[in-house]
Every structure is written in structure tokens, then in C-alpha cells.
Amino acid sequence: MLCDPWIDGLAFFGAWRHYPQPQISSKDLSPNAIFISHEHSDHFHPQTLSNFAKDTPIYIPQFVNQRLEKRLDLLGFTNIISLPFGQSVQINKDIQITLYEPISLWNDSQILIDIAGFKILNINDAGINHSIASKVGSIDCVCAAFSPGASGYPATFTHLSLDEKICFYQKSRVSLLDMLLEACKMYNARYFLPFASHFVLNHPKHLKYMKMLRKNTIFDCVEKIENPDIKVIDLLPGDSWDVGSDEIIKIPRTQDLYTQEHIEEYIQNQFRQDEFLSFYPNKHKYRFDRKKCLQYFENLNFVPEISLCENLSVSVYPDFENTNAFSFVVDNGVKILDSLIENPNLSIKIPSEILMYIVVHNESWDEATIGYWCEFSRNPDVYHAEFWRLLQAPFYLKHSSIGKYESTLITPSTPLCFILENLGEVGSKILARYGLYCLSCSKLPMESLQNAIQAHGISTVRSQRLLKELNIHFISKSLETKSLMH
């Protein structure tokens, strides 16, 4: 059974490459079953899927928008099984699977695989969830992503300094390792398998981001989870684990595998323009069309979430230039402006062919932002979480957030970034104490405190305590700031 198979080629419009590289091709495999957790291209990878038999059973979550079903149907698959969350299904004599949904704004899922009583929980990049933990009980093996980097934030945000970005990544690394250790303890796991983070940025123009990105390695996981009751299954691509004998079989590796110099050399040597272009939108096919772009943003007025969106001004720069740039404001709806705002609340710079691909296919903006293809700048440095929610709404068709954000107190609708940047390490420690390792989350710049509370299954009583504790420190800091000003 393959889970989220991305084996061949690149992901996120050619931005991501495997590292270390796979030892096999998808053509070497004949899976009996496939599970796909969500639609991001490092999980739903058409080029990999196209090499499998079209009658292979493919198990997917029963998301409301049915986009996974439609996309698999277009690829020619004929045995698509859409499963309700929480319902266990016997897929053969010895194997039972159950899908769980981390309740958030974003379509995602986790899978519990029960193989004759040996339980594997694949939480991939969906984070830990107290509510799910109470349902599944003790787990033999937890599988999870182990490194930051699956987001353009903060690397592609130009209003932050290089030092601020490097500091963020360092804290994010530590926070993610803390979360993984808590996950192992929460699920009473005997084994932890770090996976789904073996990638680097592919394009040489993205080397500037790789230089600031601080990623965890599987060896960091071994060092962090130093516990006689938990064994880290530290596999790299090509390695294998025999569960029966508890033997890990490794292939030889270079000693400098994770040095910055070796990784940069790998990117430079592996990049091939022809391969890249096969995953990147064709500039002639997706030629910039101003009318279609403006219509795309105007159509956001028909999305119910428009009523919750912050008031802000936005300028979009196709190809990072002023030539085709345009502006709009969100004020009781999207209103296209006749002239360009040169200093808006939010600037978005994006290759025109990627923008047109999003417009034509109603693609997720995540493919562009996680692929490090955009640059953003905020003025002032205020988080427009509901605006990003608005951009994602036509794609995800998920339930909305709970209201507009006010900065006088921390409320459930306060953006997580606001909390972490205003309360710093204190805020991060408070959130972590309640099971919210937000610094490690790729959705950080787009989600509110309430989104995180829902996503991680925090009870009402605990969430109220969390809010009170955050506000004690927030008010104290606000009073301290006012005192310094006077």
C-alpha cells in the first residue's frame, strides 16, 4: 500500500526535488492499494500516479469539494474509494484502515493502518490532534514529517530581514522536534518513523532561500527522541525496515549528506531545464490575460467568506514588474481600481504563467506559495489571515473562521503570527504547553488561534485557559510598551 506517492520528477510547479534522490521509479512498483491524504502535489502527484494500473484501489478522504475524485477520474482511475472520516474499512483479510480529519480550514487527513493488530498512524504533515488521539488510543508506529520548509513563509516575505528569517527557521526546527516527541508520547508509540521531508528546492534561482532555510535531519530526530521506550526508524530513501525482525537495512551514504555545500552542489548538478519545464506552466499557453485575472478576483465577491475578510489594499505584480500590475481593495467586497497602488497593505509578486494557471484551473495558491514562486510584502506588518482564507475558499470549500480580527486583545480570531511576533518565545512556549507547536506549521501565516484550536482538538475548557494566559502576557507587554513611550 502506497501512501501519498511522489516518486518521479518534481513538485509545486517544478520547485521541489527529492533529497536524497529515490532509489527506484514508480514503474518499479505494482501497488495493491494507494492512499492519498490531500491534493498538494507532493501528496497527489499525477506524474507518479500515471504509472500505476488504472484499476488499482485508491482510498481518499470524503472531502466536500470532491476535487480528488475528479482529478483521479481524469487520470483514468476506475476504482476510487471515497471514505467518510472515522469509519473503519477492511481492505483485505489482515488490514483495516480508518481516516481522520484534523478539523481546520485546509483539506487534509491522517490514516490509521491496522495490520493484524500492529497499528501505524500516518499523520504526514497534519500535526498532532488531541481529539484524534483519544479515539485511536495507543499506536505502535507514528509516521510524520520532521522538518520545516514546506511553506514560502518567511523566506519569500520581503518585509522581514534575513536575520529574522534565519531566527524563525531555527525556532521552527526546534518546535517541530518538540511536537514530534510529544506525538510519540501522546500516542504511546513504540516506533517513530520520520518521513515526508526529504526534499530540497530544485531551481538554482531558489538557492537564496535554501541558504536561509534550516532543515531538520533524521539524525536530529534520533537525538531529540532519546527514549528507551521509543525507537526512531531513521530511514533514508532506499533503506528498509523489517518489522518482524526489527532490522533496519541501510544503503551506503556520503558523510557530508547534510552539509550546506553538498546540498547546494546537488541542486546545481541535478537541475535540468527540460525536466523543470515539463512541470512548470508553459508561458505561451498561459499567457497573461488581464481581463481574466481581474474577473478571477472580482468573482471572490460571490464567496460567502468575503463578509469576514479584512479591509485591505492589494497590488499584484505579474512577472514581478509594473507593466501588467493591478490593484484592488477589499472593503465590503472586492473592488478593482483604475490605477496601481504603489504602497498597498499587501504586495504579491508572481510569475504571470503561474498566476494564469491558478486562474484558469482554479488551482490552490498553495502550489505557488509552497513552491517559493511568489514574493510578498506587508505594509503595515499586519496579518491578513482572512484574505488568504478568501483566496483558498473557492478551492477548499471549507467552513469559515469565526470573525474579524481586532488587535486590542487576543481573541480566537487573532492570527497566530500576530501572537508569536508580539509575545515572542513566551507566546511560543504557552502555545506549546497546550499542544500547539505553531512555529513548526506551514499554515502559520494564514491561520487564526481558533483554527489551530480546532485543528489540534483542544477542549473548550483548555482553550479558554489558553486565551486567558495569552492575554495576561499580551496586556502586560502592551502596558510596558506604553510606559516606555511616555
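The structure presented is a predicted model; accordingly, all values stated were derived computationally and were not measured. Once a new chain begins, its residue numbering starts again from 1 and follows that chain's sequence as written. Only residues with pLDDT of at least 70 get local features here, since the model is predicted, and only at 80 or more are side-chain atom pairs given and counted; chain-wide, interface and lining totals rely on the full set of residues. Heavy atoms from the whole structure form the basis of all side-chain values; hydrogens and water molecules are not counted.

A few points about the overall build of the chain
The condition is simple: Here a helix means four or more residues in a row that DSSP labels H or I, a strand means two or more in a row labelled E, and each is numbered from the N terminus. Between the two quantities, the radius of gyration covers C-alpha atoms and the globule rule is 2.2 Å times the number of residues to the power 0.38. Relative accessibility under 20% of the residue-type maximum defines a buried residue, over 50% an exposed one, and the middle range a partly exposed one, all with a 1.4 Å probe and only protein chains included. Contacts are assigned to residue pairs with any non-hydrogen atoms lying within 4.5 Å of each other. In this description, accessible areas are obtained by the Shrake-Rupley approach with a 1.4 Å probe, and a residue is regarded as covered only by the protein chains that are shown. In this charge count, Lys and Arg are treated as positive and Asp and Glu as negative; neither His nor the chain ends contribute. Note that the charge is assigned to NZ on lysines, CZ on arginines, CG on aspartates and CD on glutamates.
Helix and strand counts for the chain stand at 15 helices and 20 strands. For the chain, whose C-alpha radius of gyration is 22 Å, the value lies close to the compact-globule estimate of 23 Å for 486 residues. Its C-alpha atoms give the chain principal-axis dimensions of roughly 65 × 55 × 45 Å. Expressed as a percentage of its 486 residues, the buried residues of the chain come to 56%. For the chain, restricting intrachain contacts to residue pairs at least 6 apart in sequence, the fraction spanning at least 24 positions comes to 69%. In the form shown here, the chain has an accessible surface area of approximately 21200 Å², with 51% of it arising from carbon and sulfur atoms. Put simply, the chain has 44 plus and 55 minus side-chain charges, and the middle of one group is 3 Å from the middle of the other.

Observations concerning helix α13 (residues 416–433)
One full turn of an α-helix is made of 3.6 residues, so residues set three or four places apart face in the same direction. This is how the line gets drawn: Expected helix span is taken as 1.5 Å per residue step, with the number of steps being one fewer than the number of residues.
End to end, α13 covers just 15 Å across 18 residues, shorter than the expected 26 Å (1.5 Å per residue, more than 12% under). Residue G435 follows α13 closely and has a positive phi angle near 85 degrees.

Quick look at the packing of aromatic side chains
What counts here: Centres within 6.5 Å make a pair out of two Phe, Tyr or Trp rings, where for Trp the six-membered ring is used; the pair is then stacked when the planes are under 30 degrees apart, edge-to-face when over 60, and tilted otherwise. A ring is considered to have a charge above it if a Lys NZ or an Arg CZ atom is located within 6 Å of its centre and within 35 degrees of its normal.
In the structure shown here, the tally under the stated rule is 27 aromatic pairs. Ring centres 3.7 Å apart and planes at 5 degrees place the aromatic pair W16 and F199 in the stacked group. Remark: F199 occurs in strand β12 (residues 199–201) and W16 occurs in strand β2 (residues 16–18); sequence separation between them is 183 residues. This pair shows no difference in class: W16 is buried, exactly as F199 is. Taken together, Y153, F157, F168, Y169, Y296, F297, F326, F328, W365, F376, F387 and W388 form an aromatic cluster joined through their ring pairs. A cation over a ring is seen here: K215 above F199, with NZ or CZ 3.5 Å from the ring centre. In this structure, K349 packs its charged tip against the face of Y317, placed 5.8 Å from the ring centre.

Considering the pattern of salt bridges
Two side chains of opposite charge can pair, provided their charged atoms sit close to one another. Which entries qualify depends on this criterion: What counts as a salt bridge is simple: a side-chain nitrogen of Lys or Arg found within 4 Å of a carboxyl oxygen of Asp or Glu.
Here the structure, examined in full by the defined rule, presents 17 salt bridges. Salt-bridge contacts for K93 lead to D94; the nearest nitrogen and oxygen are separated by 3.5 Å. K93 sits in the exposed class, given a relative accessible area of 72%. Judged by relative accessible area, D94 falls into the partly exposed class, the value being 36%.

Describing the sheet that holds strand β16 (residues 312–318)
Put simply, the rule is: DSSP calls a pair of strands paired once it identifies at least 2 bridges connecting them. Interaxial angle, 0 to 180 degrees, is taken between N-to-C directions of lines fitted to C-alpha atoms, where a helix line uses only the stretch in contact.
Within the open sheet, the five strands sit side by side as β18-β17-β16-β19-β20. Their pairing is mixed. With one partner strand each, in any of the chains shown, β18 (334–336) and β20 (375–378) form the two edges of the open sheet. Recorded for the sheet is a direction-independent mean angle of 20 degrees between the axes of neighbouring strands. Strands in contact with helix α10 (residues 352–361) are β16 and β19 (346–350); relative to β19, the strand with the most contacts, it is inclined by about 100 degrees.

Concerning the sheet that holds strand β3 (residues 34–35)
Read across the sheet, four strands follow the order β1-β3-β4-β5 without closing on themselves; strand pairing throughout is parallel. Looking at the sheet topology across the chains shown, the edges are occupied by β1 (2–3) and β5 (80–83). In the packing of helix α2 (residues 67–74) onto the sheet, the strands contacted are β4 (58–61) and β5, and the crossing angle to β4 comes to about 155 degrees.

Quick notes on the side chain of T48
Assignment of secondary structure puts T48 in helix α1 (residues 46–49). Here T48 falls in the buried class, since its relative accessible area comes to 0%. When sequence neighbours within four positions are dropped, the list of residues in contact with T48 reads P5, W6, I7, D8 and S26.

Honestly, that's just the spatial picture; any functional story needs more than this.
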